[in-house]
Amino acid sequence: MIGSSLQSSVEIAFRYDKARSRTVLAKRQAGGLCHLSKPYWTGEVLGLQLVNPTAGLFSGDHLDVSVHVGPNSQVALTSPSASRYHTMPTGQAHLTQRFEIEDDAWLDFWPEIVIPQRESDVIQTTEIHLAPTASTVFLDLLSPGRVAHGERYQFRRLETRLEIRQSGNLLAKERCVLEPEHSSIWPLHVPGWDLCYYAALWVAGQQAGKAIELLSQFPSNRTTHQIGTSLVADRLGVVRIIANSSISLHKVANQLRKNLQQHLPLLTTSFRKL
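A quick note: this is a predicted structure, and the numbers were derived from the prediction, not measured. (Residues numbered from 1 in each chain as written. Predicted model: local features only at pLDDT ≥ 70, side-chain atom pairs only at ≥ 80, totals over all residues. Heavy atoms only, no water.)

(A) Highlighting the overall build of the chain. When its secondary structure is counted, the chain shows two helices and 19 strands. Taking 274 residues into account, the globule formula puts the C-alpha radius of gyration at 19 Å, and the chain, at 18 Å, falls close to it. On the principal axes, the C-alpha backbone points of the chain span a range of 55 × 55 × 35 Å. Out of the 274 residues belonging to the chain, those deemed buried represent 47%. (Helix = DSSP H or I, 4+ residues; strand = E, 2+ residues; numbered from the N terminus. Rg over C-alpha atoms; globule rule 2.2 N^0.38 Å. Buried < 20%, exposed > 50% of the residue type's maximum accessible area, 1.4 Å probe, protein only.)

(B) The arrangement of the sheet that holds strand β2 (residues 22–29) in detail. Overall, mixed pairing links the seven strands, which are arranged β2-β1-β7-β10-β13-β15-β16 in an open sheet. The sheet is open, and its two borders are formed by β2 and β16 (169–178), each paired with just one other strand. Going across the sheet, the axis of each strand differs from the next one's by a mean of 10 degrees, ignoring polarity. Here strand β7 (residues 62–69) pairs with strand β10 (residues 93–101) via eight bridges, running parallel. (Pairing = 2+ DSSP bridges. Axes fitted to C-alpha atoms, helices over the stretch in contact; angles between N-to-C directions.)

(C) Representation of the side chain of Q166. Relative to the elements of secondary structure, Q166 occurs in strand β15 (residues 157–166). Given the relative accessible area of 17%, Q166 is considered buried. At 3.4 Å, the side chain of Q166 and the backbone oxygen of P132 are in polar contact. Apart from the residues lying within four places of it in its own chain, the contact partners of Q166 are L130, A131, P132, L171 and R235. (Polar contact = N/O pair within 3.5 Å; in protein donor to acceptor, adjacent residues only side chain to side chain. Contact = heavy atoms within 4.5 Å.)

(D) Layout of helix α2 (residues 246–260). Compared with the 21 Å implied by 1.5 Å per residue over 15 residues, the 21 Å span of α2 between its first and last C-alpha is a close match. By the burial criterion, the buried members of α2 are S248, L249, V252, A253, L256, R257 and L260. If you follow the buried residues of α2, they end up packed against β11 (106–110), β14 (135–142), β17 (197–204), α1 (208–215), β18 (225–233) and β19 (236–243). (Expected span 1.5 Å × (residues − 1).)

(E) A look at the packing of aromatic side chains. Counted according to the given criterion, the structure contains three aromatic pairs. For the ring pair F99 and F138, a centre distance of 5.1 Å and an interplane angle of 80 degrees mean the geometry is edge-to-face. In this pair, F99 sits in strand β10 while F138 sits in strand β14, placing the two residues 39 residues apart along the sequence. Judged by relative accessible area, F138 falls into the buried class, the value being 5%. Judged by centre distance (4.5 Å) and plane angle (20 degrees), the rings of F109 and F138 are stacked. A residue pair is termed long-range when its members are at least 10 positions apart, and F109 in strand β11 and F138 in strand β14 qualify at 29 residues. Exposure class is identical for F109 and F138. Each is buried. Through a chain of ring-to-ring contacts, the aromatic side chains of F99, F109 and F138 assemble into a single cluster. Sitting over the ring of W110, R257 keeps its end group 4.6 Å from the ring centre. (Phe/Tyr/Trp six-rings, centres within 6.5 Å; stacked < 30°, edge-to-face > 60°. Lys NZ or Arg CZ within 6 Å of the ring centre and 35° of its normal.)

(F) Region of interest: the pattern of salt bridges. What the rule picks out here adds up to 17 salt bridges. Close ionic contact of R15 with D17 constitutes a salt bridge, the shortest N to O distance being 3.9 Å. Sharing partners across several salt bridges, the network here consists of R157, E159, R161, R175 and E179. (Salt bridge = Lys/Arg side-chain N within 4 Å of Asp/Glu carboxyl O.)

(G) Representation of the pairing of β17 in the model. The element β17 is largely enclosed, with a buried count of eight among its eight residues. Residues Y197, A199, L201 and V203 point to one face of β17 and Y198, A200, W202 and A204 to the other, with burial holding for every one of them. Bridge analysis of β14 against β17 gives seven bridges, and the strand direction is antiparallel. Directly across from T136, in β17, lies its bridge partner A204.

What follows is the structure in structure tokens.
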């Protein structure tokens, strides 16, 4: 019997081309579970989309993503649609992401939402390695399930692991295991809400302190969304959002992005969705 799972790796590297005074895609190796769009130069930032031809992960799939942003490079990465963790009657899938951002480099990572479907079981590991003068805005979005199909908190297990390091020193480390079937209440439950969507927005770099101070003034609304901010280190902060719908979650995330532009003007990048 031939297994239907896929093991894929993606390697992307960017460098600053002095001759052209712009960032270029220096290396691209992808296939299987991930394809890459054609890069486009906005005048300040090189944009690229990560495209999953299967629209998600199935049981047994392993996807390793490695992104290197060289010194002085300015990069924006996104995805054209939601990432789905498909139904897995048995087995487990793995997504491993590693981002290396060198000195005076910028990474704007703004993907679409992750949707864990019925009986899915996934381990998602993310490592972000920052040079002393690197900067990034890194977004992570999570849905409670395939709500449009009546699935709410019906995935089997979702484990997320995150490490952020600067010059090898650990700045932040998180691990979260969600198993709705074995929980009497959803960990992100909010009284009065039928559903709860989640986002984490990490901001790293020289402007992190000002950015977190600014976003801490963004108002919560008990009927649609709640926001919390934290400055984890001198150059690293995080904003956490919970919302009662995907529309509310995206609306708040996009407004926060817009607000951040006064301190981080490279966030004005307009993503060209496929």
